[in-house]
Structures are given as structure tokens and as C-alpha cells.
Amino acid sequence: MSMKAPRGTVDILPKDAAKWQYAENKIKNVCNRFHFKEIRTPLFEHTEVFQRGVGDSTDIVQKEMYTFEDRGGRSLTLRPEGTASVARAFVENKLFGDPDQPVKLYYFAQMFRYERPQKGRMRQLNQFGVEVLGSADPAVDAEVIDLAMTTYKELGLKSLKLVINSLGDKESRNNHREALVKHFEPHKEELCNDCQTRLSHNPLRVLDCKTDRDHPAMKTAPSILEYLNEESRLYFEKVQEYLTLMDIDYVVDANLVRGLDYYNHTAFEIMSEAPGFGAITTLAGGGRYNGLIEELGGPNTPGIGFGMGFERLLMALDAENIEIPLDDSLDCFVVATGSDQVNKVATKLVHQLRINGIQVDKDYLERKMKGQFKAANRNNSKYVLVIGEEELESEIVNVKEMESGEQVEVPLKNIVEIVKQKLLGGKGHE
RNA sequence: GCGAUCGUGGUGAAGUGGUUAACACACCGGAUUGUGGUUCCGGCAUGCGUGGGUUCGAUCCCCAUCGGUCGCCCCA
């Protein structure tokens, strides 16, 4: 086999696609109740959107982007995440001028990151995400977190852990940054290579390092929480108050540092604690980004959002053995054997049933009657209609209920009506 | 980018330096000349990831390459 899907991509075949649809519908239902509206942005953007939106110092921009030049010599990039695109769309379409503020958006989108694939990490991945633009109310932070937790809970997940932190506002961040550099500078030689560069570019991420996590200096490092100014501290407290009154359990982790440059104030991650989930446990991550819109040329507008990995969501459902209710039954299968004329009548019958709202299929491989019944059986068909030479002549069709094996004769012209009645009479059909 | 491991038919999987590569499931057909889920019988046509090398001979040995899986970094 020479034609293969590119590395890090997968085909989602019908059996799995049904699960995706199920989860998507559940999530859309939650979004609707939270009064979020869908937004769809392009699959690719000018590279600059991500360089400025996500941040030049991030791993995503530095080594994970699918960037290419189009025929006009423009540098374009397949989106590696959702927030920058939505922010760009917000600015470009002047949504800040919409009387309905804040603007509450959600999206389902493919993302692309050039990485080595492994469990829960693909080069093309799917995310459900949410962005709220135009409000700096801590209740919005709580609402966004609530939305994420609600979707997980309604899908049946139980082993969840919500971790939150505050990165503070610009002033707090700068003060903390200085303190961090001062703290780690004397130990610089003892830290790993990555951390040595992090120290100058983004010292916050040193705290996140797993190689040096046991270094003594790590434990005595200044916590961001101690450097929050009054305003930032109060903000963070408010967010926690709201979470508590909504009965959302959380853990504060001062070392939670999100990888993207644009975050400030609230940062959070939701992880799965289900056994056998694999090395990667983060299901969703997000945070507040109050300077981003301005950075992209819009007015000073606060924002917050999260991205939720769809593949990881399905993995988590699997890890917790949550059955997804899938209806793979078929209303009706038309079995036809005989002359060309029989096939014509059968084809017309199938069409008529379908336009009358009935789910129907038939054989297209010239199988024998037995084979056609097997096919009907394989497709969990509730009813089988048999048409052959005899039926053609008498204009009476055999309607067989597969489960009971009962069979009745129905005049061809009444068939749609009768099948409809039977399906409605039988319970469980929607 | 680094590391480990694997790569046999539609699927799951045995296997060996040497004329016909098991078995199971699935699928199709027949027994039952127009009725399924059980049973029995039969069929499934140059194939052992790809390219080199060693050898009289390689699916099996060596090298390379591609790909899958898992892990590191980082993240969804």
C-alpha cells in the first residue's frame, strides 16, 4: 500500500464518526444553554497572525507550525490553535462594535502542529474551544471554566482535576519575572539547557520544567502568587469565589504556566485522572488574555477562552469506560430479486419511502435473496420488504418484521403508510 | 528533534535459511431452484512494509529507508 495518510493524521471512519457526532451534539447543546454562538474561521491565516497572536517565544511558533508560501509569495500557516484566529476575526469584523457584549463564541476546528505523534497527540488534531471577548468580569472566567467542566460532566466523565493559577496583570508579571531571574541566576549553570534559555526569554516557564523539578532552587523559587498586586489578587479571589459557589472543585497550582505568551490573570487546565490514560493527561487548557486584541490591532479588549482536545476527550471517555449510545439500526431494507422490472419497482419504492421520512436501503450487488436477508440482518433492519415477480404481478408486498419473524402482505400502494404506522407503533423510534 | 519497540491475506494472528506460508474471524456461494441470525461443505487468484546486501536459495540473517505504536521535550 503506497497511498497512506500523512504521518500524524488519521481517518475517522463511520463507526468512530458516529461517536464524534454524539459528542459534538452534546457539546453544542451545552454551548447553547450558556448562550455561546458558533464562529468558523479559515483553516489558515497569514503567518504573522500566529507569530504575534500566539507569541514568538512559544514552542508552537518556534518549531511546530505548518507554514508554507502560496503562489503569490505570501507566508501562510495552518492554524495551530484557535484563539489567535478568533481574535483576528474579532478585530477584522469589528465585533467590538456589536451591541451585544461580551461576545461569546465557540468553535470546532482542526488544528495542525508539526510534532512527533504519540498517544493523544496528532499532527492534525481537533479542538472544541470557546472565547469570550469584551468583559473583564471574574464571573466570566468562572463561566468559561464552568462551561468546560459541564461539557465533561454531561458526557459522563468523573475522574477530572481542575487546576487553576493566576499569572497576574502586567505589573505583577514583571515584578515576578525580575524576582525569578534574580533567584535562578546564581544557579544558572546547574539548570538544564532549556531552562538556561528560558531564564532569559520566559523565566516563568522554568517553573514548569520537569527535568529540574527537584532542584533545590525550584522549591524556594518565588511564587507568582506572592507577587500579585492588590488588583490581581482580588481578581483571582473573585474567580475562586464564583467557582466555589458553583460547587466546582479545583486546585491552585502556582507552577501552572501555560505555554502561550498571551496569558495573564486566570490560567487553568483540566486533566484526566483515569487510569490507563497514557502519558498525556491534559484534556483542556485555557486562560485570560487581556492584551491580545490590542496586540492584533484592535481596541483594548479583555478576553478569555480555552481549547479542548477532542481526541483526548474521546480517549478519556474510553478510559472511563463510558458507553456512547449509538443507534445503528435501519428502519427498512428492500429485498428485490427478479427481472429488471422488479428492480425498477423496488428502486421507486425505496425512493418513496425515503421522501416520506423512512430510513431505507437495498442491495446493489445482485446478491441472492439469502444474501440480501443477511445484509438486512447485518444492518439491524427492523423491517424487510420483499419484492419479486409474484409481488410485481399481484401488487402486494411482503413486509417482514425481523425480530419476530412475522410477515404480512400489504398492497403496494399502501406500503408507505403501513410501514410508517408500524415504525411509529414500535417504541423507541425517533 | 531524541529514545524504545514493531511491520505476514479484509481483520486477528502462527511460522521456518529451501519445492503447496498454518489457523481463526469476516465476506461470497452451495446444501434449502423466493426469506436472516444455527449447522455442514466450498471459495477468497504472484503474498510476508520498501530498497539494497549476504547466500546455490530469504518472509526468516545484515544494512538502509518508510511507516505504526509508546515514551522524552512541549502541549490539546
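Since the structure is predicted, the reported quantities are computational estimates derived from the model, not experimental observations.

Participant: I tried to follow the overall build of chain A on my own but got confused; where do I start?
Facilitator: Of the regular secondary structure elements, chain A holds 16 helices and 16 strands. Taken over C-alpha atoms, the radius of gyration comes to 28 Å for chain A, far larger than the 22 Å a tight globule of 430 residues would show. Along the first, second and third principal axes, the C-alpha atoms of chain A reach 95 × 50 × 45 Å. Going through the 430 residues of chain A one by one, you find that 48% of them count as buried.

Participant: Quick question: what am I supposed to make of the packing of aromatic side chains here?
Facilitator: For any two aromatic rings, the description comes down to two numbers: the centre-to-centre distance and the angle of the planes. The tally for this structure, following the rule as stated, stands at 12 aromatic pairs. Between Phe44 and Phe68, the ring centres sit 6.1 Å apart and the planes meet at 75°, which makes this aromatic pair edge-to-face. Here Phe68 lies in strand β3 (residues 66-69) and Phe44 lies in strand β2 (residues 44-46), a separation of 24 residues in the sequence. In this structure Phe44 comes out as partly exposed when scored by relative accessible area, which is 41%. One cation-aromatic arrangement involves Arg123 over Tyr114; the distance from NZ or CZ to the ring centre is 4.0 Å. Here the guanidinium or amino end of Lys362 rests over the ring plane of Tyr364, the centre of that ring lying 4.5 Å away.

Participant: Help me understand the sheet that holds β2 in this model?
Facilitator: Consider a sheet: its strands pair through backbone hydrogen bonds, and that pairing is either parallel or antiparallel. With respect to topology, 3 strands assemble into an open sheet ordered β2-β4-β3, the strand pairing being antiparallel. The sheet terminates laterally at β2 and β3, the two strands that pair on one side only. Neighbour-to-neighbour, the strand axes of this sheet turn through a mean angle of 35°, independent of strand direction. Two strands pair when backbone bridges link them, and β2 and strand β4 (residues 75-78) are joined in this way by 3 bridges, in the antiparallel orientation. Each bridged residue has a counterpart across the sheet, and for Phe44 the counterpart in β4 is Leu78.

Participant: Quick question: what am I supposed to make of the nonpolar core here?
Facilitator: Considering soluble globular proteins, one finds that nonpolar side chains tend to be buried as a cluster. Membership of the largest hydrophobic core comes to 44 residues, with the highest contact counts inside it found for Phe128, Tyr152, Ile270, Phe306 and Leu313. Residues in contact with Leu313, not counting those within four places in the same chain, are Ala23, Ile27, Tyr152, Leu155 and Leu157.

Rules and cut-offs
Residues numbered from 1 in each chain as written. Chains lettered and ligands numbered in written order. Predicted model: local features only at pLDDT ≥ 70, side-chain atom pairs only at ≥ 80, totals over all residues. Heavy atoms only, no water. Helix = DSSP H or I, 4+ residues; strand = E, 2+ residues; numbered from the N terminus. Rg over C-alpha atoms; globule rule 2.2 N^0.38 Å. Buried < 20%, exposed > 50% of the residue type's maximum accessible area, 1.4 Å probe, protein only. Phe/Tyr/Trp six-rings, centres within 6.5 Å; stacked < 30°, edge-to-face > 60°. Lys NZ or Arg CZ within 6 Å of the ring centre and 35° of its normal. Pairing = 2+ DSSP bridges. Axes fitted to C-alpha atoms, helices over the stretch in contact; angles between N-to-C directions. Core = buried A, V, L, I, M, F, W, Y, C linked by side-chain atoms within 4.5 Å. Contact = heavy atoms within 4.5 Å.

Don't take any of this as a statement about function, it's just geometry.
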